[in-house]
Amino acid sequence: QQYDFGMIGLGVMGRNLLLNMADHGFAVIGFDLDAQKGVSLESSATKGTSVKGVTALIDLVNNLKAPKKIMMLVPAGKPVDDVIESLLPLISKGDIIIDGGNSHYTDTLRRVNYLHPKGIHFMGMGVSGGEQGARNGPSIMPGGDAEAYQHVKPLLEAIAAKVNNEPCTAYMGKDAAGHYVKMVHNGIEYAIMQLISEVYDILKRGAGLSNSELHEVFKQWNDGELQSFLVEITRDIFLQKDDLTGNDLLDVILDKAGSKGTGKWTSQDAMDLPVAIPTIDMSVSLRTVSAYKDERVLAASLYKPVVKIMKGNKEAIIKQLHDALYFATIICYAQGLAMLHKASYELKMDIPLKDVVKAWRGGCIIRSSLLEVFYNAYNKKGNKLPNILLDKSIAGIIKKKDRNMRAAVKIASQNKLSCACLMSALSYFDAYTTERMPTNLIQAQRDYFGAHTYQRTDKEGTFHTVWGSNE
Ligand code: 6PG
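Residues numbered from 1 in each chain as written. Predicted model: local features only at pLDDT ≥ 70, side-chain atom pairs only at ≥ 80, totals over all residues.

**Q** Just checking my understanding: could you explain the overall build of the chain for this structure?
**A** Scanning the chain for helices and strands turns up 19 helices and nine strands. For the chain, whose C-alpha radius of gyration is 25 Å, the value lies close to the compact-globule estimate of 23 Å for 471 residues. When burial is assessed residue by residue, the chain has 48% of its 471 residues classed as buried. (Helix = DSSP H or I, 4+ residues; strand = E, 2+ residues; numbered from the N terminus. Rg over C-alpha atoms; globule rule 2.2 N^0.38 Å. Buried ≥ 20, exposed ≤ 12 C-beta atoms within 10 Å, placed from the backbone.)

So, in structure tokens, the structure goes:
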């Protein structure tokens, strides 16, 4: 019994996490039925570290120190249940099983409740940052039993990315909170990616920028207040050449995006809570529209949209889009964090929002310099802030970008360029910040056709009117 941590599934993520742990002084062991994966794990280990690959589950379990800490990185769904069943006869009370994949939080909750009476701790843990993140410092979102968390805390803090010397990991709350926070992270990820793609489209097809000009724009943006992982990789994507033709690779990539479900889950769960996250919803829908390529080709031949290269000062358009992207990105985070705020008490998970943004500051796909701004806001108000748009410092930023945000949406729609996520961010903002929505009319209509009743602004009580008598 010599190893500190075990991993089931030695795909690239599992392998890289183990190598990261080993580099931080932990003795690690990994299991995979494919012997080659164990061999490659051992051969990629840093000299002098303690790393072992095995092909029998019993060899992994028997070689772990108590309480045994076993993480799995296997596809979400049935494979997770299968691993749990195969582990159960081999482990004892007090041992900890961690699911580091993108499982739906309701599955995680079911597994927590199944294993709790058996004395086994089950933790759902979000891991973000892709292959490189896993190897060099991911953002880690663990949730579940607070006592079990104490056993893995030192290890997670050691391997996580660091910002200002603070680890990008923290306890995310009870039960399935880890997977819930990761799900919302992914919803925000979808929305910011869609926003960036819209801005790219307006700059490329609308303003006529070449890929190398786009590279320069995104480079400048990433050096300023828009600094983020997604802007940074976009900057580099514009320079990538195709091995086959030597031309710019981006131009020959088919405009159809897949998805593995986490964005959709975020939208579905937001509807259930309910909480409004229209920019995330729109980004999920736009991936679906992208998949309908054949229909889009037919529709394009029918409507023949002609995108004209915009006249006017290019520098001014670039600045408008910069501010629009900044504005809309804040709205994406605002929607995701508002969802976590609501879920925290509705689903009784006690999610500490300050720690969530702290863990997202580095290592993850949605890391950006904005997270530091949000961290400061939550530092002041903690979980009492239902929406970051209610914070004064954030209001100050938003107000400065307002004019250019509106200008960007205007030029996009005038030039027949879809900017559904930008628009939804702006419309959400306008609805959220108005004292009086036109919902009085909806209430009148509901009462008219269905006697659904309404409340008044000038009197207490519930009212119904026999409508149409004044025609
Ligand atoms: C991460 C990512 C990752 C996620 C995909 C979403 O944080 O490293 O969020 O975990 O699964 O990026 O994939 P799809 O776009 O295929 O749904």
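**Q** Explanation requested: the UniProt feature "active site" (unreviewed entry) in the chain in the structure shown.
**A** Under the UniProt annotation, the feature "active site" (unreviewed entry) is placed at Lys-182 and Glu-189. Considering the arrangement of structural elements, one finds Lys-182 in helix α8 (residues 177-206). Contacts of Lys-182, omitting those with residues within four sequence positions, involve Asn-102, Gly-126, Ser-128 and Met-141. Locating Glu-189 in the fold gives a position in helix α8. Judged by local crowding, Glu-189 falls into the buried class, with 23 C-beta atoms found within 10 Å. In this structure Glu-189 touches Ile-365 and Ile-366, once residues within four positions along its chain are discounted. (UniProt positions renumbered as here; feature names shortened; annotations may be inferred. Contact = placed C-beta atoms within 7 Å.)

**Q** What am I meant to see in helix α7 (residues 146-159) here?
**A** Along an α-helix, residues three or four apart share an orientation, since each turn contains 3.6 residues. When the terminal C-alpha atoms of α7 are compared, their 19 Å separation across 14 residues agrees well with the 20 Å that a helix rising 1.5 Å per residue should span. Approximately 50 degrees is the largest bend angle found in α7, and it occurs at Val-152, with the proline Pro-154 only one to four residues beyond. Burial in α7 covers these residues: Ala-148, Tyr-149, Val-152, Leu-156 and Ile-159. In this fold, the buried residues of α7 make contact with α1 (12-23), β4 (69-72), β5 (96-99), β6 (121-128) and β7 (139-143). (Expected span 1.5 Å × (residues − 1). Bend = angle between axes of the 7 residues up to and from the residue.)

**Q** Quick question: what am I supposed to make of the domain arrangement of the chain here?
**A** Note: interface size is frequently given as the accessible area lost on complex formation between the parts. When the domains of the chain are assigned, the result is domain 1 (5-171), domain 2 (182-432) and domain 3 (438-471). In this structure, domain 1 and domain 3 have C-alpha centres spaced 57 Å apart. (Domains from an automatic or database assignment.)

**Q** Where do I start with helix α5 (residues 105-115) in this structure?
**A** Here α5 has its buried residues at Tyr-105, Thr-108, Leu-109, Arg-111, Val-112 and Leu-115. Buried residues of α5 fall within an arc of 165 degrees about the axis and therefore sit on the same side. (Arc of directions from axis to C-beta.)

**Q** For this particular structure, what's the right way to read the site of the ligand?
**A** Taken together, Asn-102, Ser-128, Gly-129, Gly-130, Asn-186, Glu-189, Gly-258, Ser-259, Lys-260, Thr-262, Cys-364 and Ile-365 are the residues near the ligand. Residues of the shell around the ligand, tallied by class, amount to two nonpolar, eight polar and two charged. Each of domain 1 (5-171) and domain 2 (182-432) accounts for three or more of the residues forming the shell around the ligand. (Near = placed C-beta within 6 Å. Nonpolar A, V, L, I, M, F, W, Y, C, P; charged D, E, K, R; others polar.)

**Q** What's the story with the environment of Gly-30 in this structure? I'm lost.
**A** Checked against the element boundaries, Gly-30 lands in strand β2 (residues 28-31). Exposure remark for Gly-30: the 27 C-beta atoms within 10 Å place this residue in the buried category. Along the sequence, Gly-30 and Thr-55 sit 25 residues apart, while their C-alpha atoms lie 8.5 Å from each other. When sequence neighbours within four positions are dropped, the list of residues in contact with Gly-30 reads Met-7, Leu-10, Gly-14, Arg-15, Leu-18, Gly-38, Leu-41 and Gly-53.

**Q** I'm lost on the pairing of strand β1 (residues 5-8) in this one. Help?
**A** Across a regular strand the side chains alternate sides, sitting on one face of the sheet and then on the other. Side chains of β1 alternate between two faces, with Phe-5 and Met-7 and Gly-6 and Ile-8 buried alike. Where β1 and β2 come together, four bridges link them in parallel fashion. Of the residues in β2, the one forming a bridge with Ile-8 is Phe-31. Viewed along the sheet, the connection from β1 through α1 into β2 turns out right-handed. (Pairing = 2+ DSSP bridges. Right-handed = clockwise from strand over helix to strand, strands pointing away.)

**Q** I would appreciate a short explanation of unusual backbone geometry in the present structure.
**A** Leaving glycine out, the prevailing phi sign among residues is negative, and the prevailing peptide bond configuration is trans. Residue Pro-67 follows Ala-66 across a cis peptide bond; omega there is -10 degrees. Following Leu-273, the chain continues into Pro-274 via a peptide bond in cis, with omega recorded as -5 degrees. With respect to the element layout, Pro-274 can be found in the loop between α11 (262-272) and α12 (278-291). A positive phi angle is found at Asn-164, which is not glycine, with a value near 50 degrees. Non-glycine residue Lys-348 carries a positive phi angle of around 55 degrees. For Lys-348, the position within the fold is in the loop between α14 (314-346) and α15 (353-360).

**Q** How should I be thinking about the sheet that holds β6 in this particular structure?
**A** Backbone-to-backbone hydrogen bonds pair the strands of a sheet. The strands run either parallel or antiparallel. Strand order in the open sheet formed by seven strands is β3-β2-β1-β4-β5-β6-β7, and the pairing between neighbours is mixed. The sheet is open, and its two edges are formed by β3 (51-54) and β7, each paired on a single side. In this sheet, neighbouring strand axes are inclined to one another by 25 degrees on average, regardless of whether the strands run parallel or antiparallel. Pairing geometry for β4 and β5, over four bridges, is parallel. Bridge assignment links Met-71 to a residue of β5, and that residue is Ile-98. Sheet strands in contact with α1 are β1, β2 and β3, and its direction is about 170 degrees off that of β2. Packed onto the sheet, α8 meets β6 and β7 and runs at close to 20 degrees relative to β6. (Axes fitted to C-alpha atoms, helices over the stretch in contact; angles between N-to-C directions.)

**Q** I tried to follow the nonpolar core on my own but got confused; where do I start?
**A** Burial of nonpolar side chains together is a common tendency in soluble globular proteins. Membership of the largest hydrophobic core comes to 143 residues, with the highest contact counts inside it found for Val-28, Leu-195, Leu-203, Ala-328, Cys-332, Leu-422 and Ala-425. Once residues within four sequence positions are removed from consideration, Leu-195 is found in contact with Leu-325, Ala-328, Thr-329, Cys-332, Cys-421 and Leu-422. (Core = buried A, V, L, I, M, F, W, Y, C linked by C-beta atoms within 7 Å.)

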